[in-house]
Amino acid sequence: MTAALEPYGLTCEHLETPLGLDEPSPRLSWKLRSGRRGDAQTAYRLTVALDPDDLDDDRRLLWDTGRRESSDGVLVDFDGPPLQPSTRYHWRVEVWDGEGERAGRARSWFETGLMRPDEWRASWIGRDAEAAPVTDPPAGGDRTDRTKLLQPCSHLRHSFDLDGRRPVRARVYASARGVYQLRLNGDRVGDAELAPGWTEYRRRVLYQTYDVTDLLRARENVLGVVLADGWWSGYVGFDPRRQALHYGDAPQAIVQVLLDFADGSRRWIGTGEGWRECSGAIKYADLLMGEYVDARDALPGWDTPAYDDGDWRDAAVLDRSTRTLHGAADRPVRVTQELPVRSVTRRPGGHLIVDFGQNMVGRVKLTVRDAKRGDRIRLRHAEMLSDGELYVANLRTAEATDVYVAAGDPVEWFEPSFTFHGFRYAEITGYPGELRPEDVTGQVMHTDLPWTGEFACSDETVNRLHANIRWSQRGNFVSIPTDCPQRDERLGWLADAQVFLPTACRNADVSAFFARWMRDVVDGQDADGAFPDVAPKLCVEREGAPAWGDGGVIIPWHLYRAYGDRRVLTDSYAAMAAWVEHVHRHNPGFVWRHRVGNHYGDWLQVDVETPRDLLATAYFARSAQLVARAAEVLGEHGDAKRYTALHAAIRDAFVAAFVDPSDGRVQAGTQTGYLLALAFGLLPERLVPAAVRHLAADIEARGRHLTTGFAGVALLCPVLAEHGRADLAYALLHQDTYPSWGHSIRHGATTIWERWDGWTEEHGFQSPAMNSFNHYSLGSVGDWLYGGVAGIDQAPDSTAFRDLLLRPAVGGRLSWARARQETPLGQVTCGWSLHEELLIDVTVPPGAEATLHIPTADPAGVREGGADLPGSTVLDSRPAELVVRLTSGTYHFSAAPPRR
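Predicted model, so just to flag it, every value in this text is computed and none were measured.

Participant: Before we move on, can you summarise the overall build of the protein chain with the specific residues and values?
Facilitator: Each helix and strand counted, the protein chain has 14 helices and 50 strands in total. For 900 residues, the compact-globule estimate of 2.2 N^0.38 gives 29 Å, and the C-alpha radius of gyration of the protein chain, at 29 Å, lies within 12% of that figure. With the principal axes as the frame, the protein chain shows a C-alpha extent of 85 × 75 × 60 Å. The 900 residues of the protein chain split such that 64% are buried. Considering only contacts within the protein chain whose residues lie at least 6 apart along the sequence, 74% involve residues at least 24 apart. On the protein chain, roughly 32,400 Å² of surface is accessible, and the fraction owed to carbon and sulfur atoms is 48%. Distance between charge centres in the protein chain, computed from 100 positive and 126 negative side chains, equals 0 Å.

If you want it as structure tokens, here you go:
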């Protein structure tokens, strides 16, 4: 670590060097590190210029903040001159340290996109279905009733000549109503998969920006697009229809090229008249059904100047409206890693079963050797095996089948382009000869979010749980936060997202991902103020249920707390308030029993039934409370007062309706009932100890097993630990018999299951009607691994982890635990080990302070770095705990072990 204060991790709108930003007032951020204890930023200076060299010339700066006093670099508004479209801006931050001396500096850049609809000169184009209907489906029995409705992918191409002039800068702005890949002169442009992703297409279609300067030739160039149905016109969710009744009946593309020349001139090229279209090897590609490629019909060189497109059709100009186009505001889906095959088994029927050893989301990449022309290879995908064969019943109508028909070359490669599957196992039928293990790999796909957290401990089952959580986060963050990646659903359920968000924020930087998705949530709100169950709003178009619709309130509030993002709160506030007003309007008595949507309750709870009106009213109170807090943050003090009063009224109604005032028993006595009452602060203080005892008694009576479903599981361990029962929290964490996290791990799980009983020894597989083996909701305990077991949290009124609360829960079967988290201010670590003495290691980044709770039988004997503690750092000394206040730096504490 550097000795001097140094900025790092520079971002603009939560993104590193964003290309194609449409935000007119972007926010710049940086983190801090220093090798000096107690160091802090006291001021910063931001400068912006058009050329990186101009950052050193004050006369050529576009924006200069001068020296501004500030302790951190979290989301600083650019308030300089209006940004221009299609322009790169270079920026630099310089910081002053805790002694007021100039310290480190760092630079980065961001580039604007087209910014306004009137900057688009291109049109939406696609296949001219009326002039040239496509009638070339795969032969024979390769088509199922569902895939018979799918059309071949379009190849679109356009040739243009630069007359010997090489541009100094070239950009392509591209999007699709569907999904696309861009080609230029024989090369693929960019590495985004399934672009432009899924949004509320009626309101917003994202476009991507590509730097193609180095791909252009001085003379003839060919720009190509491969276009598939995707979410626009393919199968989505559990609706048996294709999407003609939802978005459109065929995909479309829009592409615009901007060329800047050395003499200052510009040239624009865009989709429109003069583009050509043809189908090729991809006979269909669908997100749920799979992809069919007949390599005999490939179009070699179709995206190069030498190709003759004389037998192609003219592409149709389908739409000239660009009002829904917006620059991509988060990271794309990418292939982020390859998994080698663990085993290949030939089954009695002659087909092969390939095991990748990990339930993953993506596709199979296959090398085909010595195939004869016309050989047909089929790949099917599944998460589990049953009697050695693929278990596919739980996929429902999703066929998850890819087909490759060989061209007859000595070596060929098959890797689907426009589909993805959730699977650990692949069945390969028709492969010629012996399959070498190195000829098949699993391509892992997900939105490419930076991983910002790490957790490890001495218990390998807990480590496996953490790994399973991360794999489920990977597999279900594919453009949007989905519920599952394998069956015919894959929808953005709000409850799943809101219960898992705290864990997601620990593992990865999801700030831009969720802020962008919140626009879809807000767009899905109806005129009465009801949020939907899912966003984008498709297949499930009813009003949001309790805990589901409340996600529209809970998510922006948590993003504000985790990342200090006030803008996402501002953008969502009116919708948050409208949701609470919607619930209140239909439930004037403060107990939520009317307009409850599908009312899922504590979804997939075990052998209990938490009263649904209890759960609904608890969430009504929580949403009212969070809207009041958001109003206060945003300066809406009248609203804050009104919603605070509403929260108090709901709280009183909750107690009157569901709580025994004599002994604190909550109606029905379920774990989730007590957890909601305790976590949301709904009980009078005098009843809290009794409620905790009742909760603990229920867990003990069940042999230290949980009963919680989606709504309660995230609260279980944190509430127990907060109220002095960390021993029970650990007992649940270590439990390995049904129902528990350990049960699935003991039976080979490598992701989080949707149900506690997805598979049991007594009953085998649960109902295939709803039984995903990759579903992150029950993995929301991950937040507690970071915040409880390792101890990294923030004070209740803190944002962006400025005021850290480090409170490691030493206990369970663990002899050590540690976590690292990149916060908006910088890296935080907290770890402990327990042998003859308790050792605690902590790192606090510059700009933050921390309150550390050290559990010990001898508070007076605590030492730091081998020395006694300075008295000024001690906040409190209790019989079993020492509380100290820390500034930035790295610390090493030793203490007597806590009493168990």
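Back to the write-up after that little detour.
Participant: Would you mind going over the sheet that holds strand E44 (residues 838–844) in detail, with residue names and values included?
Facilitator: Strand order in the open sheet formed by seven strands is E35-E42-E43-E44-E50-E46-E47, and the pairing between neighbours is antiparallel. In this open sheet, the two edge strands, each paired with only one partner strand, are strand E35 (453–457) and strand E47 (867–868). When strand E46 (residues 863–864) meets E47, the two strands line up antiparallel, connected through two bridges. If you follow Glu 864 over to E47, its bridge partner there is Ala 867.

Participant: Give a description of the packing of helix H9 (residues 671–679) against helix H10 (residues 688–701) that names residues and reports values.
Facilitator: It is at 9 Å that the axes of H9 and H10 come closest, and there the two elements cross at 150°. As judged from the angle between their axes, H9 and H10 are roughly antiparallel. H10 is crossed by H9, and the crossing has left-handed handedness. Residues Gln 671, Tyr 674, Leu 675 and Leu 678 of H9 touch H10, and the partners they reach there are Val 688, Ala 691, Val 692, His 694, Leu 695, Asp 698 and Ile 699. Partitioned by chemical class, the residues of the contact of H9 with H10 number eight nonpolar, two polar and one charged.

Participant: I'd like to hear about the sheet that holds strand E45 (residues 849–855), residue by residue, with values.
Facilitator: Taken in spatial order, the five strands of this open sheet run E40-E41-E45-E49-E48, and their pairing is mixed. Every interior strand has two partners, whereas the edge strands, strand E40 (792–794) and strand E48 (874–878), have only one. Direction aside, neighbouring strands of the sheet carry axes that sit 20° apart on average.

Participant: Requested: an account of helix H4 (residues 511–523), with residues and values cited.
Facilitator: The terminal C-alpha atoms of H4 lie 19 Å apart, and with 13 residues this matches the ideal 18 Å at 1.5 Å per residue to within 8%. Most of H4 is tucked away, with 11 of its 13 residues classed as buried.

Participant: Could you give me a rundown of the environment of Val 74, with the residues and numbers involved?
Facilitator: Mapping Val 74 onto the fold places it in strand E7 (residues 73–77). Look at Val 74 and you get buried, because its relative accessible area is 11%. Sequence-wise, Val 74 and Arg 346 are 272 residues apart; in three dimensions their C-alpha atoms are separated by 56 Å. Not counting residues within four places of it along the chain, the set of residues in contact with Val 74 comprises Leu 28, Ser 29, Tyr 563, Ala 800, Arg 802, Pro 824 and Leu 825.

Participant: Would you mind going over the pairing of E35 in detail, with residue names and values included?
Facilitator: With four of five residues buried, E35 is to be regarded as a mostly interior element. For E35 and strand E42 (residues 816–822), the ladder comprises five bridges, and the chain directions are antiparallel. Among the inter-strand pairings, Glu 454 is bridged to a residue of E42, identified as Arg 820.

Participant: Quick rundown of the nonpolar core? Include the residues and the values.
Facilitator: Grouped together as the largest cluster of nonpolar side chains are 218 residues, with contacts concentrated most on Phe 455, Val 510, Phe 514, Ile 854 and Phe 893. The element that contributes the greatest number of residues to this core is helix H7 (residues 612–633), accounting for 13 residues. Each residue touching Phe 514, except ones within four places of it in the same chain, is listed here: Phe 477, Pro 481, Ala 497, Leu 501, Ile 555 and Leu 559. Counting residues in hydrophobic clusters, the runner-up holds 28 residues, among them Ile 125, Leu 162, Tyr 210 and Val 255.

Participant: Which residues make up the pattern of salt bridges, and what are the values?
Facilitator: Inspection of the entire model under this criterion finds 86 salt bridges. Of the charged contacts in the structure, one is a salt bridge between Asp 314 and Arg 276, with a shortest N-O distance of 2.8 Å. A residue pair is termed long-range when its members are at least 10 positions apart, and Asp 314 in strand E22 (residues 313–314) and Arg 276 in strand E19 (residues 276–279) qualify at 38 residues.

Participant: Explain unusual backbone geometry to me, and be specific about the residues and the numbers.
Facilitator: Residue Pro 196 is bonded to the preceding Ala 195 through a cis peptide linkage, with omega at 10°. Along the chain, Pro 196 turns up in the loop between strand E14 (187–189) and strand E15 (205–211). Here the amide bond leading from Ala 535 into Pro 536 is cis, since omega sits at -5°, within 30 degrees of zero. The residue Phe 590 is not glycine, and still its phi comes out positive at about 80°. Topologically, Phe 590 is positioned in the loop between helix H6 (566–586) and H7.

Participant: A description of the packing of aromatic side chains should follow, citing residues and the corresponding values.
Facilitator: For the structure shown, the criterion picks out 37 aromatic pairs. Plain terms: the ring middles of Tyr 307 and Trp 312 are 5.8 Å apart, the flat faces sit at 70° to each other, and that makes the pair edge-to-face. Take Tyr 307: its relative accessible area is 21%, and that puts it in the partly exposed class. Accessibility expressed as a relative area gives 4% for Trp 312, which makes it buried. Plain terms: the ring middles of Phe 531 and Trp 579 are 5.8 Å apart, the flat faces sit at 35° to each other, and that makes the pair tilted. Placement of the pair is Phe 531 in the loop between H4 and helix H5 (551–563) and Trp 579 in helix H6, with a sequence separation of 48 residues. With respect to class, Phe 531 is no different from Trp 579; both count as buried. In this structure an aromatic cluster arises from ring pairing among Phe 477, Phe 500, Phe 513, Phe 514, Trp 517 and Tyr 776. Directly above the aromatic system of Tyr 8 lies the positively charged group of Arg 33, at a separation of 4.2 Å from the ring centroid.

Participant: I'd love a proper account of the pairing of strand E31 (residues 401–405), names of residues and values included.
Facilitator: The buried fraction of E31 is high, at five of five residues. Residues of E31 alternate between two faces, with Thr 401, Val 403 and Val 405 on one and Asp 402 and Tyr 404 on the opposite face, all of them buried. Relative to E31, strand E21 (residues 290–294) runs parallel, the two sharing three bridges. Along E31, the bridge assignment pairs Asp 294 with Val 405.

Reading the values: rules and limits
Residues numbered from 1 in each chain as written. Predicted model: local features only at pLDDT ≥ 70, side-chain atom pairs only at ≥ 80, totals over all residues. Heavy atoms only, no water. Helix = DSSP H or I, 4+ residues; strand = E, 2+ residues; numbered from the N terminus. Rg over C-alpha atoms; globule rule 2.2 N^0.38 Å. Buried < 20%, exposed > 50% of the residue type's maximum accessible area, 1.4 Å probe, protein only. Contact = heavy atoms within 4.5 Å. Areas by Shrake-Rupley, 256 points an atom, 1.4 Å probe, with all protein chains shown as cover. Lys, Arg positive; Asp, Glu negative; His and termini not counted. Charge placed at Lys NZ, Arg CZ, Asp CG, Glu CD. Pairing = 2+ DSSP bridges. Axes fitted to C-alpha atoms, helices over the stretch in contact; angles between N-to-C directions. Parallel < 35°, antiparallel > 145°, perpendicular 65-115°, else oblique. Left-handed = near helix turned anticlockwise from the far one by under 90°. Nonpolar A, V, L, I, M, F, W, Y, C, P; charged D, E, K, R; others polar. Expected span 1.5 Å × (residues − 1). Core = buried A, V, L, I, M, F, W, Y, C linked by side-chain atoms within 4.5 Å. Salt bridge = Lys/Arg side-chain N within 4 Å of Asp/Glu carboxyl O. Phe/Tyr/Trp six-rings, centres within 6.5 Å; stacked < 30°, edge-to-face > 60°. Lys NZ or Arg CZ within 6 Å of the ring centre and 35° of its normal.

So yeah, pure geometry; function would need other evidence.
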